[in-house]
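Residues per chain, in single letters:
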Amino acid sequence: QVQLVESGGGLVQAGGSLRLSCAASGSISSIRAMGWYRQAPGKQRELVATISSGGSTDYADSVKGRFTISRNNAKNTVYLQMNSLKPADTAVYSCNADVLRVGVVYSLPYWGQGTQVTVSS
């Protein structure tokens, strides 16, 4: 079994910063791409940022220059550093990882439980 455990969400004032972490554990052979998604009330879930196993990154236009995604492959952990936060960033943030399990030739997507980020004005 594979689990993704998130931490770092909370309440912050506009202009502040938060760092989200998501650690994968279980019978893992390797992890391919990892990413962060968010869903605000009444809106569709959207991609925030992704990072490949080699460290290549991509960001939604709305967060470019403010958010930074990174990973520690030795710890099977992905991070999202969020700076200059805006009220529009308020959402439930979830992490995703494409995981190759030990003894399995296919990678499968796994999701964290989601963590609330609230930015006050």
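Here the structure is shown first, and the text comes after it.
Residues numbered from 1 in each chain as written. Predicted model: local features only at pLDDT ≥ 70, side-chain atom pairs only at ≥ 80, totals over all residues. Heavy atoms only, no water.

Moving on: the sheet that holds strand 7 (residues 67–72). Strand order in the open sheet formed by four strands is 1-3-8-7, and the pairing between neighbours is antiparallel. Both outer strands of the open sheet, strand 1 (2–7) and strand 7, are each paired with one neighbouring strand and no more. The sheet shows a mean angle of 15° between the axes of neighbouring strands, taken without regard to direction. Looking at chain direction, strand 3 (residues 18–26) and strand 8 (residues 77–82) are connected through six bridges and run antiparallel. Bridge pairing in strand 8 links Cys22 to Val78. (Pairing = 2+ DSSP bridges. Helix = DSSP H or I, 4+ residues; strand = E, 2+ residues; numbered from the N terminus. Axes fitted to C-alpha atoms, helices over the stretch in contact; angles between N-to-C directions.)

Looking now at the pattern of salt bridges. Two side chains carrying opposite charge are able to pair once their charged atoms lie near each other. Tallying each qualifying case throughout the model produces four salt bridges. Between Arg38 and Asp89 there is a salt bridge whose closest N-O contact spans 3.0 Å. Here Asp89 lies in the loop between strand 8 and strand 9 (91–101) and Arg38 lies in strand 4 (residues 28–39), a separation of 51 residues in the sequence. Judged by relative accessible area, which is 2%, Asp89 ranks as buried. Ionic pairing is found between Arg66 and Asp89, a salt bridge with its closest N-O pair at 2.8 Å. With a gap of 23 residues between them, Arg66 in the loop between strand 6 (57–59) and strand 7 and Asp89 in the loop between strand 8 and strand 9 connect regions that are remote in the sequence. Exposure class is identical for Arg66 and Asp89. Each is buried. (Salt bridge = Lys/Arg side-chain N within 4 Å of Asp/Glu carboxyl O. Buried < 20%, exposed > 50% of the residue type's maximum accessible area, 1.4 Å probe, protein only.)

Any pair of aromatic rings gets described here by the distance separating the centres and the angle formed by the planes. Enumeration according to the criterion identifies one aromatic pair in this entry. Residues Tyr37 and Trp111 carry aromatic rings whose centres are separated by 5.0 Å and whose planes lie at 55° to one another, so their mutual orientation is tilted. With Tyr37 in strand 4 and Trp111 in strand 10 (residues 107–111), the pair connects residues that are 74 residues apart, well separated along the chain. In this structure, Arg45 packs its charged tip against the face of Tyr37, placed 5.6 Å from the ring centre. (Phe/Tyr/Trp six-rings, centres within 6.5 Å; stacked < 30°, edge-to-face > 60°. Lys NZ or Arg CZ within 6 Å of the ring centre and 35° of its normal.)

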